[in-house]
Amino acid sequence: MASHNHIFRVIITFSLISWLIFQSHVSSQDKVNLSLYYESLCPYCADFIVNKLAKVLETDLASIVNLRLVPWGNTQIAPNTSWICQHGPAECLLNTVEACAIKVWSNLDTHFKFINCVEQLHLENRHCSWQSCFSATGLSQTPIKNCYNNGLGYRLEKAYADETASLNPNHRFVPWVLVNNQPLQEDYQNFIAYICRAYRGRNIPQACKNKGLEINKTNVPDSGPRVCFRG
């Protein structure tokens, strides 16, 4: 009898594991891809990261989103292959640092909290103090320094440059936001509505039950769109 009970438990355990794997696969398939092409010292990119994305990641909407950050933005490559960043050399540095953060801390929660810290400092006109984000987040600076100094950061940024250049349609400004590879263009601040419309899963987040969500209604101030245009 004990042998039969053991076999029964094994079968149940195996079935449960298989079901959980299947459920996990279905869940990942249902997720909406959210991509942000940005540059570290564009104030509108910083505002979007700190005041929009960070707050969304604290809600149940995060459970249906695959967020990907691409820090290159409007940077240009000169004929001598040097980089010309829209907001100067400090932006080139921080773009690379953030690219390294994404690489060495592949978990979204980890690299996002570091990038969010850097961008919060920028909103406070204190981005020169970006290294304080290591202690603020409890993360080690060693892997970032190694990534930057050994050339990996450069290679990561070059890959981001190629990816950004291949966007179709081409990006006209940053932040340039895509939901399931579809650019939201000037309506990027309305990204939650696009995510909710694209979601096909069963577990509807509370954020998607807001009846006020509408597509193609931009919240553009009278002074013009909140973007950094390509030079």
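Note: the structure precedes this text.
Residues numbered from 1 in each chain as written. Predicted model: local features only at pLDDT ≥ 70, side-chain atom pairs only at ≥ 80, totals over all residues. Heavy atoms only, no water.

What follows concerns the overall build of the protein chain. Scanning the protein chain for helices and strands turns up eight helices and eight strands. Here the protein chain, with 231 residues, has 42% of them falling under the buried criterion. For the protein chain, the proportion of contacts with a sequence separation of at least 24, taken over those separated by at least 6, is 71%. Summed over all atoms, the accessible surface of the protein chain reaches about 12,900 Å², with 52% contributed by carbon and sulfur. (Helix = DSSP H or I, 4+ residues; strand = E, 2+ residues; numbered from the N terminus. Buried < 20%, exposed > 50% of the residue type's maximum accessible area, 1.4 Å probe, protein only. Contact = heavy atoms within 4.5 Å. Areas by Shrake-Rupley, 256 points an atom, 1.4 Å probe, with all protein chains shown as cover.)

Below, the discussion takes up the side chain of His122. Tracing the backbone through its elements, the reader meets His122 in helix α4 (residues 108–123). In this structure, His122 is in contact with Ser40, Leu41, Cys42, Pro43, Ala46 and His127, ignoring residues within four places of it in sequence.

The next thing to look at is the state of the cysteines. Under the definition given, this model contains five disulfides. At a sulfur-sulfur separation of 2.3 Å, the disulfide partner of Cys42 is Cys228. Sign of the S-S torsion, about 95° for the bond between Cys42 and Cys228, identifies this disulfide as right-handed. Here Cys42 is found in the loop between β1 (32–38) and α2 (43–56), whereas its partner Cys228 is found in strand β8 (residues 228–229), with 186 residues between them in sequence. Cys42 sits in the buried class, given a relative accessible area of 0%. Residue classification places Cys228 among the buried residues on the basis of a relative accessible area of 9%. Across the disulfide from Cys117 sits Cys133; the S-S distance is 2.1 Å. The sign of the S-S torsion, about -90°, decides the handedness of the disulfide formed by Cys117 and Cys133: left-handed. Placement of the pair is Cys117 in helix α4 and Cys133 in helix α5 (residues 132–137), with a sequence separation of 16 residues. (Disulfide = S-S within 2.5 Å.)

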